[in-house]
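Take a look at the letters that make up each chain.
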Amino acid sequence: MRTFLLDALRKGKATIAPPGPDAAALEEAARALGERARQRLGRSLAIREIDAGSCNGCELEIHAVNNPVYDVERFGLKFVASPRHADVLLVTGPVTQNMRVALERTYAAVPAPKWVIAVGDCAAGCGVFAQSYATVGAVDSVVPVDLVIVGCPPKPIDLLKGLLSLMEKATGAAKP
């Protein structure tokens, strides 16, 4: 233990680099999304993330949106634990046999108005899992999908832009 502590003191802090040059664009997209959500819903946008059978790459990017580096909760986006409190379902991965019923029940538990977003290439078309015996298919084969955000995995800015386009479509606002 002593060796570990001395080594840590010698090496210094283990930190990550701050967001790159698109940090201003990310902040602008998050701020616009928060405003659109308040226009449409009169409150913050509540998001429920569901892993329907992914490799967890998309979840890492979704969690990055909510971590202290990006911190989108300050703009009115909040991740909720219960589908009964959610407005948006972010579904990642191809739907597996084991998750089909759970996804259907989660979708049924979300109050109206509700939107479903398929996040990542696997959720959109099963990706590398397309021929697997364990998958039912893409998310749209189980529940209706309102928006698809492509990428393997999509970047945090793409997630925010997708949510923003969904809110603009819902409010009928023109894109800036």
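The structure this text deals with has already been given above.
By convention here, each chain's residues receive numbers from 1 onward along its written sequence. Only residues with pLDDT of at least 70 get local features here, since the model is predicted, and only at 80 or more are side-chain atom pairs given and counted; chain-wide, interface and lining totals rely on the full set of residues. The side-chain numbers reported here are obtained from all heavy atoms of the structure, hydrogens and water having been left aside.

A. Quick peek at the overall build of the protein chain. Helix and strand assignments follow DSSP, with helices taken as H or I runs no shorter than four residues and strands as E runs no shorter than two, numbered in order from the N terminus. Counting its regular elements, the protein chain contains six helices and seven strands. When the helices and strands of the protein chain are placed in sequence order, the string is α-α-β-α-β-β-β-α-β-α-β-β-α. Considering only C-alpha atoms, the protein chain reaches an extent of 55 × 45 × 25 Å along its principal axes. Only protein chains enter the calculation, and the probe is 1.4 Å; a residue is then buried if its accessible area is under 20% of its type maximum, exposed if over 50%, and partly exposed in between. The proportion of buried residues among the 176 residues of the protein chain is 41%. At a minimum sequence separation of 6, the contacts of the protein chain that also span at least 24 residues come to 80%. Surface accessibility follows the Shrake-Rupley procedure with a 1.4 Å probe radius. Residue values consider only the protein chains on display as shielding. Total accessible area on the protein chain is roughly 9900 Å²; 55% of this is exposed by carbon and sulfur atoms. When charges are counted, Lys and Arg contribute as positive and Asp and Glu as negative, whereas His and the chain ends are disregarded. By convention, the charge on Lys lies at NZ, on Arg at CZ, on Asp at CG and on Glu at CD. Computed over 20 positive and 18 negative side-chain charges, the inter-centroid distance for the protein chain is 4 Å. Should any heavy atoms of two residues lie within 4.5 Å, those residues are considered in contact.

B. Structural context of the pairing of strand E5 (residues 115–119). The element E5 is largely enclosed, with a buried count of five among its five residues. Only when DSSP finds a minimum of two bridges between them are two strands counted as paired. As judged from the five bridges shared by strand E3 (residues 88–92) and E5, these two strands associate in the parallel manner. Note that in E5 the partner of Thr92 across the bridge is Val119.

C. The arrangement of the packing of aromatic side chains in detail. For Phe, Tyr and Trp, where Trp contributes only its six-membered ring, two rings pair if their centres lie within 6.5 Å, and the inter-plane angle classes them as stacked under 30 degrees, edge-to-face over 60, or tilted in between. In total, this model carries zero aromatic pairs according to the counting rule given. Placement of a positive charge over a ring is assigned whenever Lys NZ or Arg CZ falls within 6 Å of the ring centre and within 35 degrees of the normal to the ring plane. The ring of Tyr107 carries the charged tip of Lys114 above its face, separated from the ring centre by 4.0 Å.

D. Spatial organisation of the pattern of salt bridges. Counted as salt bridges are all cases of a side-chain nitrogen of Lys or Arg within 4 Å of a carboxyl oxygen of Asp or Glu. Inspection of every chain in the model, using the stated rule, returns three salt bridges. Here Glu168 makes a salt bridge to Arg36, at a shortest N to O gap of 3.3 Å. With Glu168 in helix H6 (residues 156–171) and Arg36 in helix H2 (residues 23–41), this residue pair connects regions lying 132 residues apart in the sequence. Grouping residues by exposure puts Glu168 and Arg36 together as buried. Measuring nitrogen to oxygen at the nearest pair gives 2.8 Å for the salt bridge that ties Arg43 to Asp87. With Arg43 in the loop between H2 and strand E1 (45–51) and Asp87 in the loop between strand E2 (77–79) and E3, this pair connects stretches of sequence that are 44 residues apart.

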